[in-house]
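Spelled out, the chains give:
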Amino acid sequence: MTKEELKSQMLTEEARIHEEIRKLYPNGAGLDGTIDINRYLDLKNEITQGNTLKILWILKERGYPTNKPDMEFPVKDCMLYLADYKEWYKTYGNMCHVTEGILEWQRLKDEQYLSFENLPELETEGSSVCYKNNEKQFFPLDYIAFLNVKKLGSHSQTSNQNEINAEYAKPEVQKILKEQFDYINPDIVIFGNHVIKLTEDFSGVPLSDFHESGKCKYFYDEKRNKLFIDADHPNARYTEAEYCNSIFNAIKQNAKELIK
């Protein structure tokens with residue numbers, strides 16, 4: 001299957017799943033998935049000349065955009081125009097840092113980028129967030145897929161973990177997330193939601209089988225060639241370096257397997 005054929009297949013499946021989400025939450029659904037399908041699949045070979053690693057982040061829930069209270073909203077619009085959200089850095093700063101490190105490691109085949117201290121600085125370009133390397137611009141979150149456990153928008157400033165756990169306990173929510181995971185087919189999955197059952201369901205092993213890596217844990221599935229990283233929420237109460245380098249270390253431990 002060519003990348004163009006895969007793109008068409010993925011967009012068809014994404015549209016179908018969005019209809020399932022709408023039925024579950026007819027008012028206020030957050031429609032998540034790939035952010036920029038061309039960049040997720042690296043159709044223009046901006047990152048690698050072969051198959052780029054596909055990155056999936058799974059967080060808890062998304063607050064309603066200020067211009068769409070209690071209305072359906074595409075999550076990709078929130079991500080593509082991240083700088084319009086004045087406090088974007090609190091949650092999405094670490095997501096951008098981790099993603100840019102992975103992208104630059106793949107693009108330049110240089111493991112130095114799997115270190116927070118060596119990352120290019122993030123900048124805002126209009127309504128978007130980017131970084132530059134040798135004057136070439138990259139918009140890191142365009143290259144990921146992004147899911148929330150809870151598909152209904154939230155008015156709260158902070159998530160209630162019991163509510164997030166209860167949301168995942170619903171069979172219809174588990175079904176949607178499984179379908180999303182299947183069509184997105186990521187190589188690296190970063191969980192930032194604290195839903196242990198979700199992490200275990202997707203990885204296929206108990207959390208006790210995960211290996212420690214600083215502030216996170218990881219499990220590499222050899223049969224599926226997928227790396228599962230159980231991390232804290234990106235807005236965790238420790239330093240950016242601790243957060244990012246913990247994830248980078250998990251990737252470095254499995255670098256050869258991931259890019260073989």
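The pairing of strands in a sheet happens through backbone hydrogen bonds and is either parallel or antiparallel. Taken in spatial order, the 3 strands line up as 5-6-7 in an open sheet, and their pairing is antiparallel. In this open sheet, the two edge strands, each paired with only one partner strand, are strand 5 (122-125) and strand 7 (136-138). Strand after strand, the sheet turns through a mean of 45° between neighbouring axes, direction not considered. Pairing between strand 5 and strand 6 (residues 128-133): 4 bridges, direction antiparallel. Bridge pairing links Leu 122 to Tyr 131 in strand 6. Sitting on the sheet, helix 4 (residues 88-108) is in contact with strand 5, strand 6 and strand 7, with an inclination near 35° to strand 6.

Here we come to the packing of helix 4 against helix 8 (residues 240-253). The contact between helix 4 and helix 8 brings their axes to 10 Å, and the two run at 35°. Handedness of the helix 4/helix 8 crossing: right-handed. Contact residues: Tyr 89, Asn 94, His 97, Val 98, Gly 101, Ile 102 and Trp 105 in helix 4; Glu 240, Tyr 243, Cys 244, Ile 247, Phe 248 and Ile 251 in helix 8. Grouping the constituent residues of the contact of helix 4 with helix 8 by class yields 9 nonpolar, 3 polar and 1 charged.

Rules behind the numbers
Residues numbered from 1 in each chain as written. Predicted model: local features only at pLDDT ≥ 70, side-chain atom pairs only at ≥ 80, totals over all residues. Heavy atoms only, no water. Pairing = 2+ DSSP bridges. Helix = DSSP H or I, 4+ residues; strand = E, 2+ residues; numbered from the N terminus. Axes fitted to C-alpha atoms, helices over the stretch in contact; angles between N-to-C directions. Contact = heavy atoms within 4.5 Å. Left-handed = near helix turned anticlockwise from the far one by under 90°. Nonpolar A, V, L, I, M, F, W, Y, C, P; charged D, E, K, R; others polar.

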